[in-house]
Amino acid sequence: MKVYVDGKYYNEREAKVSVFDHGLLYGDGIFEGIRAYNGRVFRLREHIDRLFYSAKAILLNIPMSRSEMMRAVVETCRKNRIRDGYIRLLVTRGIGTLGLNPKRCKNPSVIIIADKIQLYPPALYQRGMEIITVPTVRNLHSAVNPAIKSLNYLNNILAKIEANNAGCEEAVMLNANGYVAECTGDNLFIVKKGQVLTPPLSAGALYGITRQVVIELAEKASLPVAEPDLTRYDLFNADECFLTGTGAEIVPVVKIDGRVIGNGKPGPITRKLTAAYHALTKVSGEPIYE
Ligand code: PXG
């Protein structure tokens, strides 16, 4: 595997960052997780836009333009002969001193890894997932804004550990007001009386790219979509529930905090949107090999 680090390609074992990089010392940096399908990078422009928005929010100057970044992602896929894969793009604050002052870091580092995908087991998509609400709440907007895809993911990792300790793969994270925000690495949707509902971004959800694609697919299928504040009660009484994310795609949820959702099986609208999503990923995206 060839890994892109600051404009050069290194073999996997030689691709390294300094122990003085503030991405490591303080989690000072940002990232994106992107998928390639069928020789195309899916929603690349949207991922690069979100990366630059995260950078702006943390006053990080990315040392290349958006189009240069898009080209670097595509080239890294090409060099690794990726047709279907997972791309991890990071920008760290760079090498500094053992103090947290980012001004000491003169050169942000850009790293692009293009690898295979690790999915949940296929049976989980057939059967549906059980999830649980956890005590760790989503970041406050007034702290590290949850819209920033930062290298400091401990908030979500703690929630993931709490879910794993309870025997679940994913956690429902509430915000400080008790409304549903999202899961640790996925946005959350419910279906109620034919309506597709997902928490608003103001509730502390990430501006998920898969979330946006699913909203568009639902609208195209003439399904009404809304973004109301949701409580756990709304989840328990949903007809269907599913999660969306670049890594997980669309995962049906069949049990939340011990309450069976709908009839306990992945619902018809979830299945319809999943089929539409797979159809779209096959044909759309930035071509790697043309
Ligand atoms: N919420 C959070 C907190 C995320 O980190 C999503 C929602 C879904 O967003 P997208 O834009 O992907 O639809 C994410 C994305 C991983 C991994 O390695 C995590 C994400 C994406 C890809 C891989 O666990 N999180």
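Preceding this paragraph is the structure being described.
Along each chain, residue indices are assigned from 1 in the same order as the chain's sequence is written. Side-chain atom pairs in this predicted model are given and counted only at pLDDT of 80 or more, local residue features only at pLDDT of at least 70, and totals for whole chains, interfaces and linings cover all residues. Neither water nor hydrogens contribute to the side-chain values; these are computed over all heavy atoms in the structure.

J.: Teacher, can you tell me more about the overall build of the protein chain here?
T.: The way it works is that DSSP assigns letters per residue, a run of H or I at least four long becomes a helix, a run of E at least two long becomes a strand, and they are numbered from the N terminus. Within the protein chain, the regular secondary structure consists of eight helices and 16 strands. Against the compact-globule benchmark of 19 Å for 290 residues, the protein chain has a radius of gyration of 19 Å, which places it among compact chains. Each principal axis of the C-alpha distribution contributes one length, and for the protein chain these read about 55 × 45 × 30 Å. Only protein chains enter the area calculation, which uses a 1.4 Å probe; residues under 20% of their type maximum are buried, those over 50% are exposed, and those in between are partly exposed. Across the 290 residues of the protein chain, 50% fall into the buried class. Throughout, a residue-residue contact means that at least one pair of heavy atoms, one from each residue, lies within 4.5 Å. Here the analysis covers contacts within the protein chain between residues at least 6 apart in sequence; of these, 70% occur between residues at least 24 apart. A total accessible area of about 14,000 Å² is found for the protein chain, and carbon and sulfur atoms account for 53% of it. All tallies of charge rest on Lys and Arg as positive and Asp and Glu as negative; His and the ends of each chain are not included. By convention, charge coordinates are those of NZ in Lys, CZ in Arg, CG in Asp, or CD in Glu. One way to put it: in the protein chain the 37 positive side-chain charges average out to a point 3 Å from where the 29 negative ones average out. Taken over C-alpha atoms, the radius of gyration is set against a globule rule of 2.2 Å times the number of residues to the power 0.38. Here, Shrake-Rupley sampling with a 1.4 Å probe gives the accessible areas, and only protein chains in the shown set may cover a residue.

J.: Is there a simple way to explain the layout of surface pockets in this structure?
T.: Where empty space is left becomes clear once a probe the size of a water molecule has been rolled over the atoms. By volume, the largest pocket is sized at about 930 Å³. Along the wall of the largest pocket there are 39 residues; nearest its centre are Tyr86, Arg88, Gly185, Asp186 and Gly247. Put simply, the parts of the chain that give the lining of the largest pocket at least two residues each are β3 (29-37), β5 (85-92), α5 (154-165), α6 (209-220) and β13 (240-245). Shared between two domains, the lining of the largest pocket holds at least three residues of each, these being domain 1 (2-115) and domain 2 (122-282). Definitions used throughout: a 1 Å grid over protein atoms alone; a cavity as a set of points that fits a 1.4 Å probe which cannot get out; a pocket as an open set with protein on both sides within 12 Å along at least five of seven lines; a lining residue as one with an atom within 4 Å of a point. Grid points are joined across faces, edges and corners, and a volume is the space filled by probe spheres set on the points. The volume enclosed by the second largest pocket comes to roughly 310 Å³. Arg50, Tyr53, Tyr207, Gly208 and Ile209 are, among the 16 residues lining the second largest pocket, the residues nearest its centre. Of all the secondary structure elements, the ones that give two or more residues to the lining of the second largest pocket are α2 (44-57) and α6. Here the lining of the second largest pocket gets six residues from one element, more than from any other, and that element is α2. Three classes are used: nonpolar for Ala, Val, Leu, Ile, Met, Phe, Trp, Tyr, Cys and Pro, charged for Asp, Glu, Lys and Arg, and polar for all others, with Gly counted as polar. Looking at the lining of the second largest pocket residue by residue, the classes come out as eight nonpolar, three polar and five charged. For the lining of the second largest pocket, the domains that each give at least three residues are domain 1 (2-115) and domain 2 (122-282). These domain boundaries are the output of an automatic or database domain assignment.

J.: Mind showing me how you'd approach the site of the ligand here?
T.: Near is defined per residue: the residue qualifies when any heavy atom it owns lies within 4 Å of the molecule or strand. Around the ligand sit 20 residues, and of these Tyr153, Glu182, Ile209, Thr210 and Thr246 come closest. At a separation of 3.1 Å, an oxygen atom of the ligand approaches a polar side-chain atom of Lys149. Throughout this description, a polar contact denotes any pair of N or O atoms lying within 3.5 Å of each other; where both atoms belong to protein, one of them has to be capable of donating a hydrogen while the other can accept it, and for residues adjacent in sequence the pair is counted only when both atoms sit in side chains. Take Thr210: an N or O atom from its side chain is 2.6 Å from an oxygen atom of the ligand. Here the ligand loses 84% of its free accessible area of 540 Å² to cover by the protein chains. Comparing atom positions with the cavity grids shows the ligand to sit within the largest pocket. Put simply, the parts of the chain that give the shell around the ligand at least two residues each are β5, α6 and β13. Of the residues contributing to the shell around the ligand, the split by class is four nonpolar, 10 polar and six charged. When we break the shell around the ligand down by domain, the ones giving at least three residues each are domain 1 (2-115) and domain 2 (122-282). Should more than half of a molecule's atoms lie within 2 Å of a pocket's or cavity's grid points, that molecule is taken to sit in it.

J.: Explain unusual backbone geometry to me, please; I cannot follow it from the model alone.
T.: Both trends apply: most residues other than glycine have a negative phi, and most peptide bonds are in trans. Phi is positive for Asp6, close to 50 degrees, though the residue is something other than glycine. Topologically, Asp6 is positioned in the loop between β1 (2-5) and β2 (8-11). Given a relative accessible area of 43%, Asp6 falls into the partly exposed group. The phi angle at Asn38 is positive, at roughly 50 degrees, despite the residue not being glycine. Counting through the fold element by element, Asn38 comes out in the loop between β3 and β4 (40-41).

J.: In this structure, what is going on with the pattern of salt bridges? I would like to understand it.
T.: For this document, the term salt bridge refers to a Lys or Arg side-chain nitrogen within 4 Å of an Asp or Glu carboxyl oxygen. Considering all chains together, one arrives at 11 salt bridges under this definition. Close ionic contact of Glu227 with Arg211 constitutes a salt bridge, the shortest N to O distance being 2.8 Å. Separated by 16 residues along the polypeptide, Glu227 in the loop between β12 (225-226) and α7 (232-236) and Arg211 in helix α6 bring together distant segments of the chain. When its relative accessible area of 39% is taken as the criterion, Glu227 is described as partly exposed. What emerges from the salt-bridge pattern is a single network uniting Arg43, Glu46 and Glu216.

J.: I'm lost on the pairing of strand β6 (residues 109-115) in this one. Help?
T.: Within a regular beta strand, the side chains point alternately toward one face of the sheet and then the other, so they alternate between its two faces. With five of seven residues buried, β6 is to be regarded as a mostly interior element. As judged from the two bridges shared by β1 and β6, these two strands associate in the antiparallel manner. Of the residues in β6, the one forming a bridge with Tyr4 is Ile112. At least two bridges found by DSSP between two strands is the condition for calling them paired. Pairing geometry for β5 and β6, over seven bridges, is antiparallel. Residue pairing in the sheet places Ile87 in a bridge with Ala114 of β6.

By themselves, these figures tell us nothing about what the structure is for.
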